[in-house]
Amino acid sequence: MPFEGEPKIPDFGEPLAIDPEIKQVHNRSRPINPISAIRPSAAGCEGLLHRPHTGDNIAEVCRYGSCKLTERCMNCTAVDEMSKMKTTTLIFFFFHFLTVSLADPSMQKQHHPCKNLILYFHDVIYNGQNAANATAAIVGAPQWGNLTILADKFHFGDVVVFDDPITLDNNFHSVPVGRAQGMYIYDSKNTYTAWLGFTFVLNNAQHKGTINFIGADPTLTKRRDISIVGGTGDFFMHRGVATLMTDSYEGDVYFRLRVDIKFYECW
């Protein structure tokens, strides 16, 4: 039994293991106290957080200081939770703004054409009797067809190559400003539709260059869009959409197309 008044020596139990990676935050030249490094008091942790450090912020103190090894340092936990809360709040507002932007049409990018042209081209198919005026010829036909009359069954299987005049208005006798050169293939057995692939070759005072078109042409539809995939000259690397409208036709021999050209990429 110890004598009364004699100081009591606390029993620390088994020797405590010291983490070799523990860093001295305040003074690296001062030796580390194993007991205070492993089990600091709450007051010690609070002082550690609020004491100024050169080159160390609170997050670094919490990561490398003695607060790392104890649950008593509530300030370190509070700082960490506050940081997580701020990050979560920022992420929430970011996605909220993104959702509103996508849902509101007024905030979405509006596409406007950078250049617009309206041209007409006239197609006269060779029928065996109009060689002088014909601008197109049937070069492929199914077994039940021939090369002077478009086949029945929605002209399915007919392949037509054309070199048509392009005009600024819908008058067949107007001075041409270029040529529409390419082909169309009737590719449906159920309705009148064709696949188009052709080029506008323009060579006049206003425009010099080529425009390339490709796409499906459901001829019974009033307005049909096909793709503009490129060009040269005044239309170098131009891309956009061309809207086709049948302006006039005479049986299976002649038709005139109105082509409303809208470029959305202009170099």
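Structure: above.
Quick look at the structure, then. Just so we're clear, the structure is a prediction, and the values are computed from it rather than from any experiment.

1. Topic: the state of the cysteines
Link 1 in the chain: Taken as a whole, this structure holds 1 disulfide when the rule is applied.
Link 2 in the chain: Linked covalently through their sulfurs, C114 and C266 form a disulfide whose S-S length is 1.9 Å. Here the S-S torsion is close to 80°, and the disulfide linking C114 with C266 is therefore right-handed. With a gap of 152 residues between them, C114 in the loop between α4 (74-103) and β1 (115-124) and C266 in the segment after β9 (254-265) connect regions that are remote in the sequence.
Link 3 in the chain: Look at C114 and you get partly exposed, because its relative accessible area is 40%.
Link 4 in the chain: Judged by relative accessible area, which is 31%, C266 ranks as partly exposed.

2. Observations concerning the nonpolar core
Link 1 in the chain: Core analysis: the largest hydrophobic core is formed by 31 residues, its most contacted members being F121, Y184, F200, I211, F213 and I261.
Link 2 in the chain: Setting aside chain neighbours within four positions, we find I261 in contact with K115, N116, L117, L119, F200, I211, F213, I228, V241 and A242.

3. Thoughts on the pattern of salt bridges
Link 1 in the chain: This model, assessed by the stated rule, comprises 5 salt bridges.
Link 2 in the chain: When the shortest N-O distance is used, the salt bridge between D217 and R224 registers 2.6 Å.
Link 3 in the chain: Judged by relative accessible area, D217 falls into the buried class, the value being 4%.
Link 4 in the chain: For E265, the salt bridge is made with R239, and the minimal N-O distance between the two is 3.0 Å. Residue E265 is located in strand β9, and its partner R239 is located in strand β8 (residues 239-250); the two are separated by 26 residues in the primary sequence.
Link 5 in the chain: Take R239: its relative accessible area is 42%, and that puts it in the partly exposed class.

Calculation criteria
Residues numbered from 1 in each chain as written. Predicted model: local features only at pLDDT ≥ 70, side-chain atom pairs only at ≥ 80, totals over all residues. Heavy atoms only, no water. Disulfide = S-S within 2.5 Å. Helix = DSSP H or I, 4+ residues; strand = E, 2+ residues; numbered from the N terminus. Buried < 20%, exposed > 50% of the residue type's maximum accessible area, 1.4 Å probe, protein only. Core = buried A, V, L, I, M, F, W, Y, C linked by side-chain atoms within 4.5 Å. Contact = heavy atoms within 4.5 Å. Salt bridge = Lys/Arg side-chain N within 4 Å of Asp/Glu carboxyl O.

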